[in-house]
Amino acid sequence: MSWLLIPALILLVVLGLRLWEEYRIRRRDTLEDAIKYLYDCEEQNRHATPEALAGRLGLSTRATHRLLRRMAQRGLIRFCGTRVCLTPAGKALGLQLLRAHRLWERYLSDFTDVPLAEIHRLADKREHHLTPEEIQALEATLGYPRQDPHGDPIPTEKGETRAEVGVPLTDWPVGKPARIVHVEDEPEDLFAQALAEGLLPGVDVVIVEARPEGLHLKVDGNDVWIASIIAAQVHVIPAPQQVEEEHPPMSLADLTLGEKARVLGIAKDVRGLLRRRLLDLGFTRGAVVQEVLESAFGHGDPKAYRVRGTLIALRREQAARIYAEPVEDNEE
Amino acid sequence: MARACKNCPLYVQQLGIDLSDWDYLVALAGNPNTGKSTLFNRLTGLKQHVGNWPGKTVSRAEGGFEFNGKRYKLVDLPGTYSLLSASVEEEIARDFILFGNPDAVIVVMDATAIERNLNLTLQILEITDRVVIALNLMDEARRKGIHVDHRRLARELGVPVVPIVARTGEGLGYLMQALEDVIEGRVRTHPRRIPLDPALEHAVAELVPLIEEAFPGVRNARWIAIRLLDGDPSIERAVKTGELKRLISGELPGDFLEAVGEQTSTESGEEYPPGVLILQKADLLRMALEEDFRDKLVEDIYNEAARIARLVVRIENPEALTWDERIDRIVTHPVWGLPIMLLGLALAFWVTVVGANYPSELLATVLFAVENIGSRIFDALGMPWWITGFLWHGVYRGLAWVVSVMLPPMAIFFPIFTTLEDLGYLPRVAFNMDWLFKRVGAHGKQALTMTMGFGCNAAGVIATRIIESPRERLIAILTNNFVPCNGRWPTLIMLGTVFVASAFPPGFAAFAAAGSIVGAVLVGILFTFIVSWLLSHTLLKGEPSAFTLELPPYRRPDFKRILYTSFIDRTIFVLWRALYMAAPAGGLIWILANVHIHGRSLVHIIASFLDPFGRLFGLDGVIILSYIVAIPANEIVVPTMIMAYSGASTVMELENLHALKELLVGQAGWTLLTAISLMLFAVLHNPCSTTILTIWKETGSKKWTLVGALMPLGIAFLVTFLVAQTWHLLGLPLTP
Ligand SMILES: Nc1nc2c(ncn2[C@@H]2O[C@H](COP(=O)(O)OP(=O)(O)OP(=O)(O)O)[C@@H](O)[C@H]2O)c(=O)[nH]1
Ligand SMILES: [Mg+2]
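Just so we're clear, the structure is a prediction, and the values are computed from it rather than from any experiment.

## Some words on the overall build of chain A
Okay, so step 1: Counting its regular elements, chain A contains 11 helices and 14 strands.
Okay, so step 2: Counting all 332 residues of chain A, 46% fall into the buried class.
Okay, so step 3: Sequence separation of 24 or more characterises 60% of the internal contacts of chain A that already satisfy a separation of 6 or more.
Okay, so step 4: Accessible surface, chain A as shown: approximately 17,200 Å² in total, 54% of it carbon and sulfur.

Structure representation (structure tokens):
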């Protein structure tokens with residue numbers, strides 16, 4: 001039976017290595033989870049005690065103390081009375097983790113077919129061990145999203161949520177509804193003038209006309225003219241839109257063999273990779289599309305469409321997200 | 001253009017890969033499947049692979065040619081639909097156009113799909129103004145009655161447009177002339193710029209001066225501004241670190257992409273302040289844009305493309321267009337589609353197996369006769385027996401085996417496969433089979449990469465790049481190994497003929513052999529589906545996924561080229577593998593068989609050590625040893641086994657099946673179970689080292705490489721273990 005020993009030995013070594021690795025990862029994960037919890041508490045002005053932390057992480061008191069000591073050694077936390085406070089370094093790590101978590105959530109919902117209910121759990125696993133550069137690259141790939149799929153804001157690198165910063169009104173395009181988030185209170189006379197015109201945080205405005213010397217605004221239905229220097233004091237974000245996406249009656253999936261349709265647009269919830277791909281292939285608003293083939297074996301799934309002179313096959317779920325309207329055969 | 005000739009590339013001197021002292025650097029860009037590689041081959045005399053499905057070329061290729069006394073370096077880029085999406089291929093193409101500082105870009109357009117092709121063309125014109133357009137596939141356009149007014153197109157785009165047929169070389173002279181004129185400034189181009197949405201235009205206008213100030217000499221600030229607003233990680237990195245400066249000055253090579261990618265992990269975080277400022281500004285400006293501004297951008301480009309296409313394209317004969325559709329109706333027909341596909345596949349295999357038989361035997365006879373003669377000459381010269389043995393019965397025999405067994409099937413299978421590929425049939429297979437792949441969470445295009453895998457798994461793994469959806473691509477990579485490649489056929493064929501066929505009357509023997517081989521292939525396909533399902537529901541949960549599949553128009557295959565690539569290319573490939581993999585293995589096994597310790601050869605010692613382990617799986621020690629020796633190349637499994645069994649003493653006539661059976665059953669004690677287990681093992685076991693290396697290159701991840709290598713091995717052991725133990729439990733017969 002000597003031959004059995006060698007594979008068994010190899011197996012043992014491999015297993016041992018694996019366990020050690022697992023242990024190290026766990027240690028770091030718990031530490032990061034603890035930081036995340038503490039960061040959360042500070043954000044919401046709650047007190048974080050070692051007991052609460054132990055409860056949250058499911059650790060014994062001893063283990064929690066060991067963990068806290070490790071964190072203190074690394075300069076991530078301080079003890080302020082009975083509470084645990086984050087040091088600036090700890091805060092920075094907390095912010096990074098929060099960003100990573102929400103960006104991953106956004107990624108999972110935009111690029112993959114993971115159901116919304118599972119997104120949080122998967123993101124919890126993936127948010128660890130990312131360098132700031134990797135987080136930035138992820139953010140860029142996602143096109144700088146403002147919110148995660150649950151509607152929570154995704155903070156910028158500096159810890160500001162985009163919604164809080166806003167853009168100076170002078171950089172805002174004409175005609176796009178905006179909501180004021182911030183008015184500079186320095187210098188005071190400009191601040192007073194802005195207030196006098198009714199430009200307060202929370203108010204919605206639209207730029208009607210932009211001239212070098214000033215802006216013509218609609219503020220709550222009233223026409224207002226302000227000078228550029230005042231406009232520069234006012235920071236806005238896109239006004240939240242209440243209008244639900246109305247469901248056009250027809251999508252490409254509804255076409256029958258040989259039928260043509262004009263594309264109205266791709267559903268809003270199709271994002272990321274797939275949206276880019278569909279656009280690049282020419283499924284843009286106004287494109288005339290004809291269904292020319294159906295897969296017999298898949299009971300009409302996928303179908304092939306002639307779009308902009310080539311034949312592209314799409315699966316049903318995707319075709320159903322491209323809204324269209326019927327066109328007459330003699331058109332186009 | 002008076003100097004150019006119409007039909008011949010008279011002035012073009014092909015330089016192959018000779019890239020010394022080139023004067024001009026030229027890139028070939030364009031949509032997938034428009035004939036870039038065909039044009040590249042035509043100009044350089046090289047043999048890039050071409051095929052009628054989008055995404056055939058997946059990385060850059062370089063070659064040279066000479067025209068009018070000037071030497072050109074030509075770069076064949078992968079085809080892309082757009083430069084806005086930042087997929088791998090797009091980045092390769094985009095980075096080269098942006099930062100490779102080419103003296104000119106030839107945009108290859110498909111004359112039969114102008115509107116689609118204009119999308120990319122307009123984007124390239126946005127980046128660079130040194131562009132010449134090669135309006136390719138003019139023969140197809142004429143056949144389909146599509147008339148393209150190329151002069152009008154040139155006026156609209158502001159750059160020269162030359163109609164060509166890359167396959168025959170028609171129009172190449174003009175193309176070269178136009179290229180030279182543009183490079184040397186004799187023709188001034190005024191490329192059309194896409195009118196942007198006002199809000200976007202505003203944001204771009206704010207950024208451009210900043211970019212121009214921070215990076216003096218930048219030629220395409222507008223494009224960079226658009227990409228920054230859109231959020232393009234690699235461009236952002238280049239701006240933030242100031243890398244862009246060095247790129248513009250040409251200090252960094254055009255293939256900096258890989259370099260940048262590697263750096264990020266170790267990056268010291270060095271920043272270029274003006275660059276950081278630009279990013280912050282872009283951040284602000286982006287907020288002011290509609291969230292779907294990219295939709296608008298693409299829409300604007302396509303609207304422009306549609307407008308131009310309406311002006312320049314006239315369809316004279318709409319009837320001709322419907323031909324493709326008619327064929328499509330048949331090959332995707334509910335009743336005929338499947339039989340056509342299966343018959344085609346079965347036919348391809350049958351022709352390969354039967355057709356390869358005779359040439360294989362002939363080659364074997366000749367090559368082994370040479371071995372006899374050679375070793376006798378050595379003996380006559382009085383060489384020590386071990387030199388003769390090592391060189392002739394070791395190294396040479398390994399080589400001869402691989403050549404005689406591998407070359408004929410390859411030479412037959414590849415022309416058939418390439419013809420189907422050139423015809424445009426393969427994407428239809430993907431379309432037909434997608435419903436099955438969809439069920440297991442995979443992509444229909446996996447059918448294509450699997451077919452490639454029949455030739456060579458490494459090639460199959462590379463081909464997975466056509467699957468744009470990362471999750472489905474990983475699935476295709478990790479499961480490609482379950483289709484037996486050419487190197488594993490010899491094992492299957494040998495088992496089929498020696499064990500299965502001999503059990504049937506002569507009339508049925510061939511069918512039975514083919515049937516058992518098809519059976520083994522089906523087992524492999526079955527596991528492809530099972531494992532795909534498992535992967536997509538476990539490990540690969542949460543990897544990105546999307547599905548689109550282009551069905552290219554049917555084209556007449558280019559038989560001359562097919563025969564050329566199949567014979568020359570494949571011969572070289574097989575010979576090379578034989579030389580590098582089989583010859584050393586042959587030598588090694590000869591040594592193992594001939595070095596004796598205490599009267600037992602090394603093979604004997606190792607094999608008997610491994611034997612109990614092998615028995616667990618219905619195999620034996622020699623088989624396990626052979627698979628260890630054959631990790632670099634599966635082709636040498638059978639020769640290794642035979643050499644190990646027969647030892648150095650017997651000089652065996654390999655082409656004699658009875659002798660082989662005698663050896664395996666009589667001497668080595670093989671049973672029916674051994675044959676079955678070995679067949680399963682051959683189909684399921686780990687990929688060869690080349691494939692593993694390819695997986696590593698393609699995924700760039702140690703984790704997936706490990707999974708790709710060990711998972712099949714685990715499955716192979718598990719399956720054979722179960723089969724063997726059940727066999728013993730049920731007390732099934734062991735005699736073959
Ligand atoms: N009839 C005809 N067929 C052509 C011509 N040029 C190329 N082809 C065929 O078109 C198909 C695609 O050619 P490739 O050269 O592989 O195309 P590519 O642009 O390199 O494609 P990717 O590498 O996928 O981007 C092949 O089947 C060629 O044989 C031509 O001028 N006439
Ligand atoms: Mg190519």
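## Remarks on the interface of chain B and chain A
Interfaces are often sized by the accessible area lost when the parts come together.
Okay, so step 1: Facing 74 residues of chain B, the contacting portion of chain A comprises 67 residues.
Okay, so step 2: Of the roughly 6,200 Å² buried at the junction of chain B and chain A (both faces included), carbon and sulfur atoms supply 55%.
Okay, so step 3: If you look at where chain B meets chain A, you find eight salt bridges.
Okay, so step 4: Among the salt bridges present, the one from aspartate 171 of chain A reaches lysine 281 of chain B, with a minimum N-O distance of 3.6 Å.
Okay, so step 5: Scanning the region where chain B abuts chain A turns up 16 residue pairs in polar contact (both at pLDDT 80 or more).
Okay, so step 6: If you tally residues by element for the side of chain B that touches chain A, the top one is helix α13 (residues 293–312) of chain B, at eight residues.
Okay, so step 7: A per-class count over the side of chain B that touches chain A returns 28 nonpolar, 18 polar and 28 charged.
Okay, so step 8: In terms of strand pairing, strand β13 (residues 310–314) of chain A meets strand β10 (residues 549–551) of chain B through three bridges, oriented antiparallel. In the strand pairing of β10 of chain B, leucine 311 of chain A is matched with leucine 551 of chain B.

## What to know about the domain arrangement of chain A
Okay, so step 1: Per the domain assignment, the segments of chain A are domain 1 (23–86), domain 2 (167–238) and domain 3 (252–331).
Okay, so step 2: Between the C-alpha centres of domain 1 of chain A and domain 2 of chain A the distance comes to 44 Å.

## A word on the nonpolar core
General note: in soluble globular proteins, nonpolar side chains tend to be found buried as a group.
Residue and element names in this part refer to chain B.
Okay, so step 1: In terms of nonpolar packing, the biggest core is built from 112 residues, with Met494, Met641, Tyr645 and Trp670 touching the most fellow members.
Okay, so step 2: Among the elements that line this core, the one with the most residues is helix α16 (residues 385–423), at 13 residues.
Okay, so step 3: Among residues more than four places away in sequence, those in contact with tyrosine 645 are Asp620, Val622, Ile623, Leu663, Leu664, Gln667, Ala668 and Trp670.
Okay, so step 4: Within the second largest apolar cluster, 100 residues are counted, among which are Met109, Ile133, Met138 and Ile224.

## With respect to the sheet that holds strand β7 (residues 222–227) of chain A
Residue and element names in this part refer to chain A.
Okay, so step 1: The strand order across the open sheet built from six strands is β3-β8-β4-β5-β6-β7, with neighbouring strands paired in antiparallel fashion. The sheet is open, and its two borders are formed by β3 (167–168) and β7, each paired with just one other strand.
Okay, so step 2: Where strand β6 (residues 214–219) and β7 come together, six bridges link them in antiparallel fashion. Looking at β7, one finds that histidine 216 is bridged to tryptophan 225.

## Remarks on empty space enclosed by the protein
All names here are of chain B.
Okay, so step 1: Summed over the entire model, instances satisfying the criterion amount to 10 cavities of 30 Å³ or more.
Okay, so step 2: Of the volumes computed, that of the second largest cavity is approximately 120 Å³.
Okay, so step 3: Every residue lining the second largest cavity is counted, 16 residues in all, and those nearest its centre are Cys456, Cys485, Gly487, Arg577 and Glu635.
Okay, so step 4: Listing elements by their share of the lining of the second largest cavity, those giving two or more residues are α16, α19 (457–463), α23 (559–594) and α29 (689–699).

## Things to note about helix α26 (residues 637–646) of chain B
Okay, so step 1: Here α26 of chain B lies mainly inside the structure; 10 of its 10 residues are buried.
Okay, so step 2: Among all positions in α26 of chain B, only Val637, Val638, Pro639, Thr640, Met641, Ile642, Met643, Ala644, Tyr645 and Ser646 of chain B are buried.

## As for the sheet that holds strand β12 (residues 303–307) of chain A
As a general point, the strands of a sheet are linked pairwise by backbone hydrogen bonds and lie either parallel or antiparallel.
Okay, so step 1: Strands sit in the order β9(A)-β14(A)-β10(A)-β11(A)-β12(A)-β13(A)-β10(B) across an open sheet of seven strands; the sheet is antiparallel. Each edge of the sheet is formed by a strand with only one pairing partner; in this case those strands are β9 (250–251) of chain A together with β10 of chain B.

## Describing the environment of valine 395 of chain B
Residues and elements named next belong to chain B.
Okay, so step 1: Tracing the sequence through the fold places valine 395 in helix α16.
Okay, so step 2: The class of valine 395 is partly exposed, set by a relative accessible area of 21%.
Okay, so step 3: Spatially, the C-alpha atoms of valine 395 and alanine 578 are 10.0 Å apart, while their sequence positions differ by 183 residues.
Okay, so step 4: If we skip the residues at most four places from it in the chain, valine 395 touches Phe390, Ala583, Gly586 and Gly587.

## Focus: a negative patch on the surface
Residue and element names in this part refer to chain A.
Okay, so step 1: A cluster of acidic residues, Asp185, Glu186, Glu188 and Asp189, forms a negative patch on the protein surface.
Okay, so step 2: Topologically, glutamate 186 is positioned in the loop between β4 (178–183) and α8 (188–196).
Okay, so step 3: Among the residues examined, glutamate 186 registers a relative accessible area of 59% and is labelled exposed.

## Concerning unusual backbone geometry
Across residues other than glycine, the phi torsion is negative in most instances, and most of the peptide bonds are trans.
Okay, so step 1: A cis geometry characterises the amide bond from aspartate 301 of chain A onward to proline 302 of chain A, with omega recorded as 0°.
Okay, so step 2: Residues other than glycine seldom take positive phi values, yet asparagine 68 of chain B does so here, at roughly 50°.
Okay, so step 3: The class of asparagine 68 of chain B is partly exposed, set by a relative accessible area of 24%.
Okay, so step 4: Located in the positive-phi region is histidine 598 of chain B, a residue other than glycine, with phi close to 50°.
Okay, so step 5: Structurally, histidine 598 of chain B can be placed in the loop between β11 (596–597) and β12 (600–601).
Okay, so step 6: Of the residues examined, histidine 598 of chain B reaches a relative accessible area of 80% and is grouped as exposed.

## Some remarks on the packing of aromatic side chains
All names here are of chain B.
Okay, so step 1: All chains considered together, the criterion is met by 19 aromatic pairs over all chains.
Okay, so step 2: Centre to centre, the rings of phenylalanine 65 and tyrosine 72 are 4.9 Å apart; their planes meet at 5°, and the pair counts as stacked. Residues phenylalanine 65 and tyrosine 72 agree in their burial class; the two are buried.
Okay, so step 3: Plain terms: the ring middles of phenylalanine 499 and tryptophan 670 are 5.8 Å apart, the flat faces sit at 25° to each other, and that makes the pair stacked. Of the two residues, phenylalanine 499 sits in helix α21 (residues 489–500) while tryptophan 670 sits in the loop between α27 (657–667) and α28 (672–684), which places them 171 residues apart along the sequence.
Okay, so step 4: Assessed through its relative accessible area of 4%, phenylalanine 499 is described here as buried.

## What about the pattern of salt bridges?
Okay, so step 1: On inspection of all chains with the given rule, the structure shows 46 salt bridges over all chains.
Okay, so step 2: The residue glutamate 299 of chain B makes a salt bridge to arginine 285 of chain A at a minimum N-O spacing of 2.9 Å. Placement of glutamate 299 of chain B in helix α13 and of arginine 285 of chain A in the loop between α10 (272–280) and β11 (288–294) is noted, with the two residues assigned to different chains.
Okay, so step 3: We note a salt bridge from arginine 615 of chain B to aspartate 611 of chain B, for which the minimum N-O separation is 3.1 Å. One end of the pair, arginine 615 of chain B, and the other, aspartate 611 of chain B, are both in helix α24 (residues 602–616), four residues apart, so they sit about a helical turn from each other.
Okay, so step 4: Within this structure, Lys70, Glu180, Asp181, Glu184 and Arg186 of chain B form a network of salt bridges that share partners.

## A short note on the packing of α10 of chain A against α13 of chain B
Okay, so step 1: The interhelical angle for the contact between α10 of chain A and α13 of chain B, taken along N-to-C directions, is 15°, at an axis separation of 10 Å. With respect to α13 of chain B, the element α10 of chain A is oriented roughly parallel. In this structure, the crossing between α10 of chain A and α13 of chain B has a hand that is right-handed. Taken together, the residues of α13 of chain B that come into contact with α10 of chain A (itself represented by Arg275, Arg276, Leu279 and Asp280 of chain A) are Arg294, Asp295, Val298 and Tyr302 of chain B.
Okay, so step 2: Residues belonging to the contact of α10 of chain A with α13 of chain B are distributed by class as follows: three nonpolar, no polar and five charged.

## Quick look at a nonpolar patch on the surface
Okay, so step 1: Judged by side-chain polarity, Leu563, Tyr564, Phe567, Ile568 and Ile572 of chain B come together as a nonpolar surface patch covering roughly 450 Å² of accessible area.
Okay, so step 2: Its location among the elements puts isoleucine 572 of chain B in helix α23.

## What to know about the pairing of β4 of chain A
Okay, so step 1: Examined bridge by bridge, β4 of chain A and strand β5 (residues 204–210) of chain A share two bridges and lie antiparallel to one another. Bridged to arginine 179 of chain A within β5 of chain A is aspartate 204 of chain A.

Thresholds applied
- Residues numbered from 1 in each chain as written.
- Chains lettered and ligands numbered in written order.
- Predicted model: local features only at pLDDT ≥ 70, side-chain atom pairs only at ≥ 80, totals over all residues.
- Heavy atoms only, no water.
- Helix = DSSP H or I, 4+ residues; strand = E, 2+ residues; numbered from the N terminus.
- Buried < 20%, exposed > 50% of the residue type's maximum accessible area, 1.4 Å probe, protein only.
- Contact = heavy atoms within 4.5 Å.
- Areas by Shrake-Rupley, 256 points an atom, 1.4 Å probe, with all protein chains shown as cover.
- Buried area = accessible area lost by both parts, 1.4 Å probe.
- Salt bridge = Lys/Arg side-chain N within 4 Å of Asp/Glu carboxyl O.
- Polar contact = N/O pair within 3.5 Å; in protein donor to acceptor, adjacent residues only side chain to side chain.
- Nonpolar A, V, L, I, M, F, W, Y, C, P; charged D, E, K, R; others polar.
- Pairing = 2+ DSSP bridges.
- Domains from an automatic or database assignment.
- Core = buried A, V, L, I, M, F, W, Y, C linked by side-chain atoms within 4.5 Å.
- 1 Å grid on protein atoms, 1.4 Å probe; cavity = no way out; pocket = protein on both sides within 12 Å on 5 of 7 lines; lining within 4 Å.
- Points joined across faces, edges and corners; volume = space filled by probe spheres on them.
- Patch = residues over 30% accessible without salt bridge, like charges linked within 9 Å, V, L, I, M, F, W, Y side chains within 5 Å.
- Lys, Arg positive; Asp, Glu negative; His and termini not counted.
- Charge placed at Lys NZ, Arg CZ, Asp CG, Glu CD.
- Phe/Tyr/Trp six-rings, centres within 6.5 Å; stacked < 30°, edge-to-face > 60°.
- Axes fitted to C-alpha atoms, helices over the stretch in contact; angles between N-to-C directions.
- Parallel < 35°, antiparallel > 145°, perpendicular 65-115°, else oblique.
- Left-handed = near helix turned anticlockwise from the far one by under 90°.

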